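Per-entry structural report
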Amino acid sequence: MAVNTKIYTFEKNDERAGYVLTVEKNGVRYETVYVEMRAPNKNVLKRMVEAAKGPARTLTQFAKDCSDISKCPQNTKKINTPAFARVLAGNDVVRPLKEEIIQALLNNAADRKIVNPDDLLRANGYELRSVAEREKNASMSLESTREFIALKSRADADIRRRLSAIGNTTWISVPDFSSAKDSDRPHNDRFFFSDRFGVIEPYDLNTVFMDTGTNIPVYWGFCIDSTAPSVRVDKAGAVKKFREILLEDIIHPEEMNDLKISFVYQNRNLYNAAVSELSNIKVSNYISVVLIQKGEIAAEFTLGRRDGKKQSCLLGEACEHFEGDGPEEAIKIMNYGHIERMDVPLFGY
């Protein structure tokens, strides 16, 4: 195995009523529980196997590598060529691939960005147990769906406006909802439509933009929260909700070098709670919390950097910390030392 490469173990666990994915890198271990929810997606699985094999190996050589414990000790069972050939042919793929095959694909993939755990497991019909339970117990009414669509539309419009003011380049929406939603192929090799409403994989984003003015694509992904501005909320649960993004930044930050992430709220109480929960977390890449009010970006808080460098806010007009008696009356300390009392959120601007 290459230095600093993630090592995956995937196995059924009856005690946890599901399948446990364990990822280990540099001595750090993280476990996620998945459950089987739907039939596999044959087209996506075919793309996954092709990307895992890569152009430099034959299918036979790939199967041999997947069975070689010197290359990956986790793969202790022999993997036969027909197991992959069946997927590539699209025949009889009605159940998820066996655990050892999923594990072998993750540990021996030529392209690990395409063959990532979330996309591979969802293509096999698995879903995070927490998501499955939420889907099972929650029902989104037509009225709340319309409300979220309206909120997200306004958020998209202002995010697009703010991005257009950054540098001299053009940011385009990725994927294009009007043309890519019903396509079997992803818009690009990084982002896929989920079969959950409004979500783009990976990272559970629901809006992604790409900077078209650079030779190497730079993406900015937004997770726009659906909580209405009028709802009273005291806790955001941001660390738990975004744990996979935060973990990826910790154990494999280089994979996010071309990606900025923003968590977007339109509920001020929820925004303030999220900032409080994330304010002590240090990251290697650009991760921020954004507040949109009345269709305009009112605040942005960027998470601190591990290297100690000050992270500028790119969407918000300033990145200062506010302290005051409450949301209706806060004190902003300007860069030049002037103190101004304003009706603004407690954090950021």
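The structure contained in this document is the topic of the report that follows.

Here's the deal with the sheet that holds strand β5 (residues 171–173)
Read across the open sheet, the six strands follow the order β5-β8-β9-β10-β12-β13; overall the sheet is mixed. The open sheet has two edge strands, β5 and β13 (296–302), and neither has a second partner. The mean angle between the axes of side-by-side strands here comes to 25 degrees, regardless of whether they run parallel or antiparallel. Bridging between strand β8 (residues 207–211) and strand β9 (residues 218–224) involves five bridges; their strand directions are antiparallel. Within β9, the residue paired with M210 across the bridge is Y219. Relative to strand β12 (residues 287–293), helix α11 (residues 268–278) is tilted by about 165 degrees, and along the sheet it contacts β10 (259–265), β12 and β13.

Here's the deal with the pattern of salt bridges
Any two side chains of opposite charge can pair, so long as their charged atoms come close to each other. According to the stated counting rule, one finds 11 salt bridges in the structure shown. R306 is the partner of D249 in a salt bridge, and the nearest nitrogen-oxygen pair spans 2.8 Å. On the criterion of sequence distance, the pair formed by D249 in helix α10 (residues 243–251) and R306 in the loop between β14 (304–305) and β15 (322–326) is long-range, its members being 57 residues apart. Each member of the salt-bridge network shares a partner with another, and the members are R16, E24, R29 and E31.

Focus on the pairing of strand β3 (residues 28–36)
With seven bridges connecting them, strand β2 (residues 18–25) and β3 associate as antiparallel partners. Among the inter-strand pairings, T22 is bridged to a residue of β3, identified as E31. Hairpin connection of β2 to β3: two residues between the antiparallel strands, including N26 at a positive phi of 50 degrees. Strand direction decides the pairing type here: β3 and strand β4 (residues 126–128), joined by three bridges, are antiparallel. Bridging from a neighbouring strand, V35 pairs with E127 of β4.

A few points about helix α1 (residues 42–53)
Across its 12 residues, α1 extends 17 Å between first and last C-alpha, which sits within 8% of the 16 Å expected from 1.5 Å per residue. Taken as a whole, α1 has its buried residues at V44, L45, R47, M48, V49, A51, A52 and K53. Two or three places before N43, at the start of α1, stands the capping residue N41, its side-chain oxygen 3.2 Å from that residue's backbone nitrogen. Of the residues trailing α1, G54 is marked for its positive phi of about 80 degrees.

Looking at the packing of helix α2 (residues 59–66) against helix α3 (residues 81–89)
Put simply, α2 and α3 touch, their axes get as near as 8 Å, and they point 125 degrees apart. Relative to α3, the element α2 is oriented oblique. Taken as a pair, α2 and α3 cross one another with a handedness that is right-handed. Two secondary-structure elements touch here, α2 through L59, T60, F62, A63 and C66 and α3 through T81, F84, A85 and L88. A per-class count over the contact of α2 with α3 returns seven nonpolar, two polar and no charged.

Focus on the side chain of D211
Locating D211 in the fold gives a position in strand β8. Contacts of D211, omitting those with residues within four sequence positions, involve T169, T170, W171 and V218.

Description of unusual backbone geometry
The backbone of A17 shows a phi angle near 55 degrees, a positive value even though the residue is not glycine. The topology assignment puts A17 in the loop between β1 (7–13) and β2.

Quick look at α11
Most of α11 is tucked away, with eight of its 11 residues classed as buried. For α11, every residue scored as buried is listed here: R268, L270, Y271, N272, A273, A274, V275 and L278. N-capping of α11 is provided by N267, with a side-chain oxygen placed 3.1 Å from the backbone N of N269.

Digging into the packing of aromatic side chains
Given two aromatic rings, their pairing is described by the distance between the two centres and the angle made by the two planes. Tallying each qualifying case throughout the model produces nine aromatic pairs. Arranged with centres 5.6 Å apart and planes meeting at 70 degrees, the rings of F10 and Y126 form a pair that is edge-to-face. Here F10, found in strand β1, pairs with Y126, found in strand β4; they are 116 residues apart in sequence, far enough to count as distant. Each residue in the set W171, F209, W220, F222 and Y286 is aromatic and connected to the rest through ring pairs, giving one cluster. Note that K260 overlies the ring of W220, its terminal NZ or CZ placed 6.0 Å from the centroid.

Each value, and the rule that gives it
- Residues numbered from 1 in each chain as written.
- Predicted model: local features only at pLDDT ≥ 70, side-chain atom pairs only at ≥ 80, totals over all residues.
- Heavy atoms only, no water.
- Pairing = 2+ DSSP bridges.
- Helix = DSSP H or I, 4+ residues; strand = E, 2+ residues; numbered from the N terminus.
- Axes fitted to C-alpha atoms, helices over the stretch in contact; angles between N-to-C directions.
- Contact = heavy atoms within 4.5 Å.
- Salt bridge = Lys/Arg side-chain N within 4 Å of Asp/Glu carboxyl O.
- Expected span 1.5 Å × (residues − 1).
- Buried < 20%, exposed > 50% of the residue type's maximum accessible area, 1.4 Å probe, protein only.
- Polar contact = N/O pair within 3.5 Å; in protein donor to acceptor, adjacent residues only side chain to side chain.
- Parallel < 35°, antiparallel > 145°, perpendicular 65-115°, else oblique.
- Left-handed = near helix turned anticlockwise from the far one by under 90°.
- Nonpolar A, V, L, I, M, F, W, Y, C, P; charged D, E, K, R; others polar.
- Phe/Tyr/Trp six-rings, centres within 6.5 Å; stacked < 30°, edge-to-face > 60°.
- Lys NZ or Arg CZ within 6 Å of the ring centre and 35° of its normal.

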